[in-house]
Amino acid sequence: MSNLFYIYLASWVFFLLIEMLTATFYGLSVSVACFVLAVYVYVTGDANITVIQGLILVVISGVSAYFLPKWLTPHSKPLKSGLDVHIGQSFRLERVGTDWKVKIDGVDYLIDDDSETPDFAVGKKVRLESHSSGILRVSLSK
């Protein structure tokens, strides 16, 4: 058996250890490629690095880097944070000068000018529809 076989086996273990420390699936993809190369070198008996081995390394690590995260990660919904948590909830209108605002978690947010209607009044409830850069789009609650 050639030393190249042992180099690929050592690389396989090395990249598995890197994967255990980082958990990014990139170390795992290179590790899978090194294992396939170790099997290839064992079967063919190659003693030198060849272009085919390089192609095997690139193709297998690239394909597995693309597909392994999709196959091995759970398909869960991302958690909402910030104002996204409050979308669909109702809040009371307040007036500051000529601007309308709502208070959410102790923070005052301005209402988008396009959301304002003549029916707005202090204390009326509005429903949060969306937000952009801290400016809220709301509609009057029924």
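The rules behind each value
Along every chain, residues carry numbers that run from 1 in the direction the sequence is written. Local features in this predicted model are restricted to residues of pLDDT 70 or higher, and side-chain atom pairs are both shown and tallied only at a pLDDT of 80 or more, whereas totals for entire chains, interfaces and linings draw on every residue. To get the side-chain values, take all heavy atoms of the structure and skip hydrogens and water. Helix and strand labels come from DSSP, where a helix needs a run of H or I of at least four residues and a strand needs a run of E of at least two; each type is numbered from the N terminus. As defined in this context, the radius of gyration uses C-alpha atoms, and a globule is described by 2.2 Å times the residue total to the power 0.38. Exposed residues in this analysis have more than 50% of their type's maximum accessible area, buried residues have under 20%, and partly exposed residues fall in between, with area computed by a 1.4 Å probe over protein chains only. Contact definition: two residues touch when any of their heavy atoms are within 4.5 Å. Surface accessibility follows the Shrake-Rupley procedure with a 1.4 Å probe radius. Residue values consider only the protein chains on display as shielding. Neither His nor the chain ends contribute to the count of charged residues, in which Lys and Arg are positive and Asp and Glu negative. By convention, charge coordinates are those of NZ in Lys, CZ in Arg, CG in Asp, or CD in Glu. When a carboxyl oxygen of Asp or Glu is within 4 Å of a side-chain nitrogen of Lys or Arg, the pair counts as a salt bridge. Between any two strands, pairing holds if DSSP finds at least two bridges. To get an axis, fit a line to the C-alpha atoms, keeping to the stretch in contact for a helix; angles then go from 0 to 180 degrees between the N-to-C directions. By convention a nonpolar core is built from buried Ala, Val, Leu, Ile, Met, Phe, Trp, Tyr and Cys residues, the set being connected through side-chain atoms within 4.5 Å. Take the number of residues in a helix, subtract one, and multiply by 1.5 Å to get its expected span. Each residue is assigned a bend, namely the angle between axes fitted to the seven residues that terminate at it and the seven residues that start at it.

Student: So what exactly am I meant to see when it comes to the overall build of the protein here?
Tutor: Counting secondary structure elements, the protein contains three helices and five strands. Moving toward the C terminus, one meets the helices and strands of the protein in the order α-α-α-β-β-β-β-β. On C-alpha atoms alone, the protein measures out to a radius of gyration of 29 Å, which is more than a quarter above the 14 Å that the 2.2 N^0.38 rule sets for 142 residues. Residues classed as buried in the protein amount to 28% of the 142 residues present. Residue pairs in contact within the protein that sit at least 24 positions apart in sequence constitute 49% of those at least 6 positions apart. Split by element, the accessible area of the protein, about 9,600 Å² in all, is 63% carbon and sulfur. Counting 12 positive and 13 negative side-chain charges, the protein places the centres of these two groups 9 Å from one another.

Student: Where do I start with the pattern of salt bridges in this structure?
Tutor: Should their charged atoms come close, side chains of opposite charge can pair. All chains considered together, the criterion is met by six salt bridges. Lys-103 is the partner of Asp-108 in a salt bridge, and the nearest nitrogen-oxygen pair spans 3.8 Å. Asp-108 gets classed as partly exposed once you look at its relative accessible area, which sits at 38%. Members of the salt-bridge network, linked through shared partners, are Glu-94, Lys-101, Lys-103 and Asp-108.

Student: I'm lost on the sheet that holds strand E1 (residues 90-96) in this one. Help?
Tutor: Sheets are built from strands that pair by backbone hydrogen bonding, the pairs being arranged parallel or antiparallel. Strand order in this open sheet of five strands is E3-E2-E1-E4-E5, and the pairing throughout is antiparallel. Edge positions in the sheet fall to strand E3 (107-110) and strand E5 (135-140), since each of these pairs with one other strand and no more. Sheet twist, expressed as the average angle between the axes of neighbouring strands with direction ignored, equals 50 degrees. Sheet topology note: the E1/strand E2 (residues 99-104) ladder contains four bridges and is antiparallel. Bridging from a neighbouring strand, Glu-94 pairs with Lys-101 of E2.

Student: Explain the nonpolar core to me, please; I cannot follow it from the model alone.
Tutor: A general tendency of soluble globular proteins is for nonpolar side chains to be buried together. Ranked by size, the top nonpolar core spans 13 residues in total, and within it Leu-93, Val-102, Ile-104, Ile-111, Phe-120, Leu-136 and Val-138 carry the most contacts. At three residues, the largest contribution of residues to this core is made by E2. Not counting the four nearest positions on each side in its chain, Ile-104 is found in contact with Leu-83, His-86, Phe-91, Tyr-109, Leu-128 and Leu-136. Counting seven residues, the second-largest nonpolar core is a separate cluster that includes Leu-4, Ala-38, Val-41 and Ile-56.

Student: Can you help me understand helix H3 (residues 51-72) in this one?
Tutor: It helps to recall that an α-helix has 3.6 residues per turn; residues three or four apart then point in one direction. Between its first and last C-alpha, H3 extends 31 Å over 22 residues, near the 32 Å set by a 1.5 Å rise per residue. Ala-65 marks where H3 bends most, by close to 30 degrees; the proline Pro-69 follows one to four residues later. When we look at burial in H3, the residues that qualify are Gln-53, Ile-56, Ser-61, Ser-64, Ala-65 and Leu-68. On its buried face, H3 is in contact with helix H1 (3-22) and helix H2 (26-44).

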